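If you want the building blocks of each chain, they are given just below.
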Amino acid sequence: MFSFASTLALLPLLAVASPQYNYGPAPGPSATTSTQAAAAAPSAPPSTSGQIDVGAGGNFVFSPANVTASNGTLVTFFFPDGGIPHSVTQGDFSNPCQPIAAQGGQNGFDSGLQMGTQFTLNVTNDQIPIYFFCKAPTHCGLGMVGSINAPSSGNTFDSWMQAALKVGSSEKTLQDNGPQTGGIGAVATAPPSASSAAASGSSSSGSSGSSGAMALTASSAVAAVFGLAVAMTLLA
Ligand SMILES: *[C@@H]1O[C@H](CO)[C@@H](O)[C@H](O)[C@H]1NC(C)=O
Ligand SMILES: *[C@@H]1O[C@H](CO)[C@@H](O)[C@H](O)[C@H]1NC(C)=O
Ligand SMILES: *[C@@H]1O[C@H](CO)[C@@H](O)[C@H](O)[C@H]1NC(C)=O
Ligand SMILES: [Cu+2]
């Protein structure tokens, strides 16, 4: 008979070994505990109809990181006002952690490195996936990436994240050329402006996406319970 004590001993192992999605925080020593995530969670006002708000920063995440937005929807990124600058830079699925090449004379959007500002995109073609990343050194390779209208198979948000994590520490340091308006599939019509969210405290967004530290923590708990159930079934 399988003892309760040895089941308990297995728990941490099972939690680590169980499959779980990694929508927001990068794996690794810097992003696995909820206390760290809570201390640095990116914040943005709640989203409303036609307006999606994304926290851009904190523990190297966009929150929510995978959003769905139809034509004319505004997606506003809020950069935290402290310490580490971040960017929202349009990327290319086939070339992670590098700015997308211009298409037909149109460059990708790029907020440039920012702190305490907000940057808004207007979705102009909801039929194409839009991928973005943070160009601050090492952030993309740590998984600071996001998508708008990524497909549910093929070039998904998950595979975009995995591609960035694969670049990892070999990420090339990018030059910051300041804000670039325009964009492909979503356009910035203005450079970043002073953030209206600065005074709103630390309310954490994430209502319209499956990303963020809380989702990760919850999925870890589910994975641990699931792992225990599987182990007891196998060992019974
Ligand atoms: C977003 O872009 C569409 C199409 O170009 C335009 O009609 C709309 O006015 C824009 N929305 C805002 C708030 O600028
Ligand atoms: C959104 O706009 C693009 C570009 O004009 C167009 O190709 C696409 O069909 C529009 N999407 C919908 C749902 O109408
Ligand atoms: C990301 O959002 C798209 C819709 O924009 C959805 O089809 C896809 O399943 C989402 N992916 C994840 C991993 O949540
Ligand atoms: Cu960043």
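Below: a short report on this structure. In this convention, every chain numbers its residues from 1, walking through the sequence in written order. To read the labels, note that chains go from A and ligands from 1, taken in the order they are written. The model is predicted, so local features are restricted to residues of pLDDT at least 70 and side-chain atom pairs to those at 80 or more, both for listing and for counting; the totals for chains, interfaces and linings are taken over all residues. Side-chain numbers here rest on the full set of heavy atoms in the structure, without hydrogens or water.

## Re the nonpolar core
Soluble, globular proteins show a tendency: their nonpolar side chains are buried together.
Moving on, step 1. Residue types Ala, Val, Leu, Ile, Met, Phe, Trp, Tyr and Cys, when buried and joined through side-chain atoms within 4.5 Å, form a set referred to as a nonpolar core. When accessible area is computed with a 1.4 Å probe and restricted to protein chains, residues below 20% of their type maximum are described as buried, those above 50% as exposed, and intermediate ones as partly exposed. Core analysis: the largest hydrophobic core is formed by 37 residues, its most contacted members being Phe 62, Phe 77, Val 88, Phe 109 and Ile 148.
Moving on, step 2. Tallying contributions element by element places helix α3 (residues 157-167) first for this core, with five residues. In DSSP terms, a helix is any run of H or I states spanning at least four residues, a strand is any run of E spanning at least two, and both are numbered starting from the N terminus.

## Concerning the environment of Met 144
Moving on, step 1. Summarising the element assignment, Met 144 is placed in the loop between β7 (130-133) and β8 (145-148).
Moving on, step 2. Between the C-alpha atoms of Met 144 and Phe 132, which are twelve residues apart in sequence, the distance is 8.9 Å.
Moving on, step 3. Non-local contacts of Met 144, meaning those with residues more than four positions away in its chain, are made with Ala 56, Gly 57, Phe 60, Val 61, Phe 62, His 86, Phe 133, Cys 134 and His 139. When checking whether two residues touch, look at their non-hydrogen atoms; a contact exists if any pair is within 4.5 Å.

## Comments concerning unusual backbone geometry
With glycine set apart, most residues show a phi of negative sign, and most peptide bonds adopt trans.
Moving on, step 1. Here Ser 63 and Pro 64 are connected by a cis peptide whose omega angle stands at 0 degrees.
Moving on, step 2. In this structure, Phe 60 takes a positive phi of about 60 degrees despite not being glycine.
Moving on, step 3. If you trace the backbone, Phe 60 turns up in the loop between β1 (51-57) and β2 (61-63).
Moving on, step 4. By relative accessible area, Phe 60 is classed as buried at 16%.
Moving on, step 5. Positive phi, close to 70 degrees, is recorded for Cys 97, a residue that is not glycine.
Moving on, step 6. Residue placement: Cys 97 occurs in the loop between β5 (89-91) and β6 (117-123).
Moving on, step 7. The class of Cys 97 is buried, set by a relative accessible area of 2%.

## A few points about the sheet that holds β8
Moving on, step 1. By this definition, two strands are paired if DSSP reports at least two bridges between them. Pairing within the open sheet is mixed, and its four strands lie in the order β3-β8-β7-β5. The open sheet has two edge strands, β3 (66-67) and β5, and neither has a second partner.
Moving on, step 2. Inspection of the sheet shows β3 paired to β8 by two bridges, in the parallel sense. Counted as the bridge partner of Asn 66 is Ser 147 from β8.
Moving on, step 3. Taken strand by strand, α3 contacts β3, β5, β7 and β8, and its axis lies near 155 degrees from that of β8. Axis definition: a line fitted to C-alpha atoms, limited for helices to the stretch in contact. Angles are taken between N-to-C directions and run from 0 to 180 degrees.

## Notes on the coordination of the copper ion (ligand 4)
The expected angle between donors at a tetrahedral four-coordinate metal is 109.5 degrees. At an octahedral six-coordinate metal it is 90 or 180 degrees.
Moving on, step 1. Listed as protein donors to the copper ion (ligand 4) are His 86 (ND1), Cys 134 (SG), His 139 (ND1) and Met 144 (SD); their distances from the metal cover 2.0 to 2.5 Å.
Moving on, step 2. Counted as coordinating are nitrogen, oxygen and sulfur atoms within 2.8 Å of the metal, or 3.2 Å for Na, K and Ca, while water is not included, which may make sites look incomplete. Angular criteria define each label, namely tetrahedral for four donors with all angles between 85 and 135 degrees, square planar for four and octahedral for six donors with opposite donors over 155 degrees apart and remaining angles between 65 and 115, and irregular for whatever fails these tests. One way to put it: the four donor atoms around the copper ion (ligand 4) meet at angles of 93 to 128 degrees, and that makes the site tetrahedral.
Moving on, step 3. Written as a sequence motif, the donor arrangement for the copper ion (ligand 4) is H-x47-C-x4-H-x4-M. Here His 139 lies in the loop between β7 and β8 and His 86 lies in the loop between β4 (74-78) and β5, a separation of 53 residues in the sequence. The burial state of His 86 is the same as that of His 139; both residues are buried.

## Details of the pattern of salt bridges
Moving on, step 1. The salt bridge criterion pairs a side-chain nitrogen of Lys or Arg with a carboxyl oxygen of Asp or Glu, the two atoms within 4 Å. Evaluation of the coordinates by the stated rule reveals one salt bridge.
Moving on, step 2. Between Asp 110 and Lys 135 there is a salt bridge; the shortest N-O distance is 2.8 Å. Taken as a pair, Asp 110 in the loop between β5 and β6 and Lys 135 in the loop between β7 and β8 lie far apart in primary sequence, 25 residues in all.
Moving on, step 3. With a relative accessible area of 6%, Asp 110 lands in the buried category.

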